[in-house]
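Next come the chains, spelled out residue by residue.
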Amino acid sequence: MTDRQAGPLDGIKVLDLCSYLAGPYGCTLLADLGAEVIKIESPQGDMLRQFPSSLEGESRFFLGTNRGKRALALDLKQPEGLAVLHRMVAKADVLVENFRPSVPARLGIDYPRLRAINPRLIYATIKGFGTYGPYSGYKSFEPIAQAMGGAMAVTGFPENPPTYTFPAIGDSGTGMHMAIGILAALQQRHATGTGQHVEVSMQDAVANLIRVSLRDHQRFGHPPPRTGNQLGRTVPGTTYPCAPGGPNDYVFIYAQPQMWPAVVRVLGQPALADDPRFATPEARWENRDALNAIITDWTRQHSKHEVMRMLGEAGVPSGACQDTGEVL
């Protein structure tokens, strides 16, 4: 184990029995906070180890999702492997699993069985659709969670199909919810002395992350339409093309109503402040095509970082659409 400074979870022992992304990422967050995380894998290893893009023989995908952990191969279908895990459970604080609902009991690692070994154990379960309900036995991956959680229906442009978003809100979002639930259970254990069962559904996690769209459905009484990059009825409030015109040469500008005078100053067109077409937020929305064309004429003359700097110095929120190389 590499040397590291003690974190807030120093001394907490976590057994990570998960594969792929959601569970392992949540356990990685616990490792980042100082917990000792031991990844329990089958003799064949986590399937994520087989993903391409190797770094000295290891999968970059696997390493990025499992940093800060130690690993142990156990065959839980054999009595000897199960006995080792049970001994580890007796000294653990947390166990995390993302098996299909019927598997833990069949293997002898379900919560009632492990609670009898260690009443202080916090047992965290990740499932695609929870442990009950009509879909509880179904498998799920990132795009399935996005589809069933409502995210795809509100993502993309109105003329296009529901769209998958590449940031892993289904996997990473579930992992974050799981880590929060475990932290809450650890805090409650301080008061009660006993552990508990924490359950996270990938569908529920995605639904929580699109709560603004769910609110809009309640406000208007129907599913909100896909609006592309337009954020609400604010103008400017979308992406604008910049020089030199590459595929990622865009900037997102979001100016709240009180920022309109600053916007026209940066544009070098102070007369727009008195133009009745743009005098109020409602007028700017009604005349958004004309206003967006004016803003686009200006942004095309500058790079995305220049636009961000000029607007940022004027107090107007904007962000260059950086590609992965720029972020790195």
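The structure this text deals with has already been given above.
Note that the structure is a prediction, hence the values are computed from the model and not measured. (Residues numbered from 1 in each chain as written. Predicted model: local features only at pLDDT ≥ 70, side-chain atom pairs only at ≥ 80, totals over all residues. Heavy atoms only, no water.)

(A) Representation of the sheet that holds strand E2 (residues 36-41) in the model. In space, the six strands of this open sheet follow the order E5-E2-E1-E6-E7-E8, with parallel pairing throughout. The open sheet has two edge strands with one neighbour each: strand E5 (69-73) and strand E8 (197-201). On average, each strand axis in the sheet is inclined to that of its neighbour by 20°, with strand direction left out of account. Packing of helix H1 (residues 22-32) onto the sheet brings it into contact with strand E1 (13-16), E2, E5, strand E6 (94-97) and strand E7 (122-127), and relative to E1 it is tilted by some 165°. (Pairing = 2+ DSSP bridges. Helix = DSSP H or I, 4+ residues; strand = E, 2+ residues; numbered from the N terminus. Axes fitted to C-alpha atoms, helices over the stretch in contact; angles between N-to-C directions. Contact = heavy atoms within 4.5 Å.)

(B) A look at the nonpolar core. Judged by nonpolar contacts, the single largest core of 27 residues is most densely connected at Val14, Val94, Val96, Met178 and Ile182. When residues of this core are traced back to their parent elements, those giving at least two are H1, E6, E7, helix H7 (171-192), E8 and helix H8 (202-209). A total of five residues in this core trace back to one element, the largest contributor, which is H7. In this view, Val94 contacts Ile12, Lys13, Val14, Leu15, Leu121, Ile122, Ile182 and Leu186; residues no more than four positions away in its chain are not counted. One finds Ala262, Val264, Ile295 and Val316 within the second-largest nonpolar core, a separate group that totals 23 residues. (Core = buried A, V, L, I, M, F, W, Y, C linked by side-chain atoms within 4.5 Å. Buried < 20%, exposed > 50% of the residue type's maximum accessible area, 1.4 Å probe, protein only.)

(C) The packing of H1 against H7, seen in detail. Relative orientation of the contacting elements H1 and H7 amounts to 50°, with a least axis distance of 7 Å. In terms of orientation, H1 and H7 fall into the oblique class. In the crossing of H1 with H7, the sense of the turn from one axis to the other is right-handed. On the side of H1, the interface is formed by Ala22, Gly23, Tyr25, Gly26, Cys27, Leu29 and Leu30, while H7 contributes Asp171, Ser172, Thr174, Gly175, Met176, Met178, Ala179, Ile182 and Leu183. When grouped by side-chain class, the residues that make up the contact of H1 with H7 number 10 nonpolar, five polar and one charged. (Parallel < 35°, antiparallel > 145°, perpendicular 65-115°, else oblique. Left-handed = near helix turned anticlockwise from the far one by under 90°. Nonpolar A, V, L, I, M, F, W, Y, C, P; charged D, E, K, R; others polar.)

(D) Structural detail: empty space enclosed by the protein. Applying the stated criterion across every chain, the model contains one cavity of 30 Å³ or more. The volume enclosed by the largest cavity comes to roughly 40 Å³. As for the largest cavity, its lining consists of Pro236, Ile253, Val263, Leu267, Ile295, Trp298 and Leu311. Only helix H10 (260-267) and helix H12 (288-299) provide two or more residues apiece to the lining of the largest cavity. (1 Å grid on protein atoms, 1.4 Å probe; cavity = no way out; pocket = protein on both sides within 12 Å on 5 of 7 lines; lining within 4 Å. Points joined across faces, edges and corners; volume = space filled by probe spheres on them.)

(E) Structural context of the packing of aromatic side chains. In total, this model carries seven aromatic pairs according to the counting rule given. With centroids separated by 6.1 Å and ring planes inclined at 85°, the aromatic side chains of Tyr164 and Phe166 adopt a geometry described as edge-to-face. Each residue in the set Phe129, Tyr135 and Tyr138 is aromatic and connected to the rest through ring pairs, giving one cluster. The ring of Trp285 carries the charged tip of Arg288 above its face, separated from the ring centre by 3.9 Å. (Phe/Tyr/Trp six-rings, centres within 6.5 Å; stacked < 30°, edge-to-face > 60°. Lys NZ or Arg CZ within 6 Å of the ring centre and 35° of its normal.)

(F) The arrangement of unusual backbone geometry in detail. In this structure, the amide linkage connecting Val235 to the following residue, Pro236, adopts the cis form with an omega of 0°. By secondary structure assignment, the location of Pro236 is in the loop between helix H9 (211-220) and strand E9 (237-241). A cis geometry characterises the amide bond from Ala243 onward to Pro244, with omega recorded as 5°. Following the sequence through the fold, Pro244 ends up in the loop between E9 and strand E10 (250-254).

(G) Region of the structure containing the pairing of E10. Side chains Val251 and Ile253 project from E10 onto a buried face, and the interleaved Tyr250, Phe252 and Tyr254 project onto a face without burial. Strand direction decides the pairing type here: E9 and E10, joined by five bridges, are antiparallel. Residue pairing in the sheet places Thr238 in a bridge with Ile253 of E10. Bridging between E10 and strand E11 (residues 318-320) involves three bridges; their strand directions are antiparallel. Looking at the pairing, Ile253 lines up with Ser318 of E11.

Shape is all these values report; function is a separate question.
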